[in-house]
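# Observations on the three-dimensional arrangement
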Amino acid sequence: MDIIFATSNLHKLNEAKAIIGDLFSLITPRELGIYEDIPEDEDTLQENAIFKARYLWERCGKVCFADDTGLEVDALGGAPGVRSARYASDECDSRRNMQKLIKELNGISNRKARFRTIVALVIDDKVSLFEGQLKGSIINSPSGSEGFGYDPIFLPEGYTKTLAELTSHEKNLISHRGIAMRKLSDFLKSML
Ligand code: IMP
């Protein structure tokens, strides 16, 4: 069965393929000839995920899903949250986003944070939602070269390595997106 994943992020695509790629063929919008950037202007992760999945579904009519993830930092009242990609600037620059976050947390001892992912699946105009969370803390000096985004400064709870120091397999086993994708996978399997 073909399923369209609303992403152009190769890291995310590979993470998703490792979880649901055995049973389903994951196709990106580009492979369908859809090249436009899908807007992510909503106020919540859930609204963004639903908007992106519906946007694609309206164009191709196939089973579509989209995810939206935010890094929620306790001491910053949940920021950057839904604005995680464009925290420092409109450029979606991970290095600058991390620098800004480290600066905002300067002198603050509560470093608790969590990644939260919402996956929205659209089948025949019906939306289903799946959530995954990963708790951890923010460190001051980036470490590791795997992954993407805020991975080099995120230390998962109970770990001494950042997400960027874990292999993609190790990250997938514990990550917010891994958890949400496994819920999606179980749901899709139950429909076969
Ligand atoms: P997206 O809208 O789901 O792509 O996520 C928004 C932003 O959150 C991304 O641009 C990254 O900066 C960050 N992000 C999402 N997922 C991860 C992750 O697994 N690790 C680190 N940062 C992430």
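Coordinates for the structure precede this section.
Scoring rules and cut-offs
Residues numbered from 1 in each chain as written. Predicted model: local features only at pLDDT ≥ 70, side-chain atom pairs only at ≥ 80, totals over all residues. Heavy atoms only, no water. Core = buried A, V, L, I, M, F, W, Y, C linked by side-chain atoms within 4.5 Å. Buried < 20%, exposed > 50% of the residue type's maximum accessible area, 1.4 Å probe, protein only. Helix = DSSP H or I, 4+ residues; strand = E, 2+ residues; numbered from the N terminus. Contact = heavy atoms within 4.5 Å. Near = heavy atom within 4 Å. Polar contact = N/O pair within 3.5 Å; in protein donor to acceptor, adjacent residues only side chain to side chain. Nonpolar A, V, L, I, M, F, W, Y, C, P; charged D, E, K, R; others polar. Salt bridge = Lys/Arg side-chain N within 4 Å of Asp/Glu carboxyl O. Axes fitted to C-alpha atoms, helices over the stretch in contact; angles between N-to-C directions. Parallel < 35°, antiparallel > 145°, perpendicular 65-115°, else oblique. Left-handed = near helix turned anticlockwise from the far one by under 90°.

## Considering the nonpolar core
- In terms of nonpolar packing, the biggest core is built from 18 residues, with F65, L121, M181 and L184 touching the most fellow members.
- For this core, the secondary structure elements donating two or more residues are β1 (2-5), α1 (10-20), β5 (112-123) and α5 (176-190).
- Once residues within four sequence positions are removed from consideration, L121 is found in contact with V63, C64, F65, K126, V127, S128, F130, L184, F187 and L188.

## A word on the site of the ligand
- The ligand sits among 14 residues. The nearest are K12, D68, D151, K171 and R177.
- H176 places a polar side-chain atom, nitrogen or oxygen, 2.9 Å from an oxygen atom of the ligand.
- The contact in question runs from an oxygen atom of the ligand to an N or O atom on the side chain of R177, over 2.7 Å.
- Elements represented by at least two residues in the shell around the ligand include exactly β3 (64-73) and α5.
- Per-class residue counts for the shell around the ligand are four nonpolar, four polar and six charged.

## A short note on the environment of Q99
- Tracing the backbone through its elements, the reader meets Q99 in helix α3 (residues 94-104).
- In the structure, Q99 is positioned 54 residues away from I153 in sequence and 9.8 Å away in space, judged by C-alpha atoms.

## Overview of the pattern of salt bridges
- Applying the stated criterion across every chain, the model contains 13 salt bridges.
- The salt bridge involving D43 is made with R83; its shortest N-O contact spans 3.5 Å. In this pair, D43 sits in the loop between β2 (25-27) and α2 (45-60) while R83 sits in the loop between β4 (80-81) and α3, placing the two residues 40 residues apart along the sequence.
- The class of D43 is exposed, set by a relative accessible area of 59%.
- Close ionic contact of D67 with R177 constitutes a salt bridge, the shortest N to O distance being 3.7 Å. In this pair, D67 is assigned in strand β3 and R177 in helix α5, connecting sequence segments 110 residues apart. Grouping residues by exposure puts D67 and R177 together as buried.
- A cluster of three or more residues bridged by salt bridges with shared partners is formed by K12, E15, D67, D151, K171 and R177.

## Examining the packing of α1 against α5
- Where α1 contacts α5, the axes come no closer than 9 Å and their chain directions differ by 45°. Overall, the two elements α1 and α5 adopt an arrangement that is oblique. When the axes of α1 and α5 are compared, the crossing they make is right-handed. In this structure, α1 contributes K12, E15, A16, I19 and I20 to the contact, and α5 contributes R177, G178, M181, R182, L184 and S185.
- Classifying every residue of the contact of α1 with α5 gives five nonpolar, two polar and four charged.

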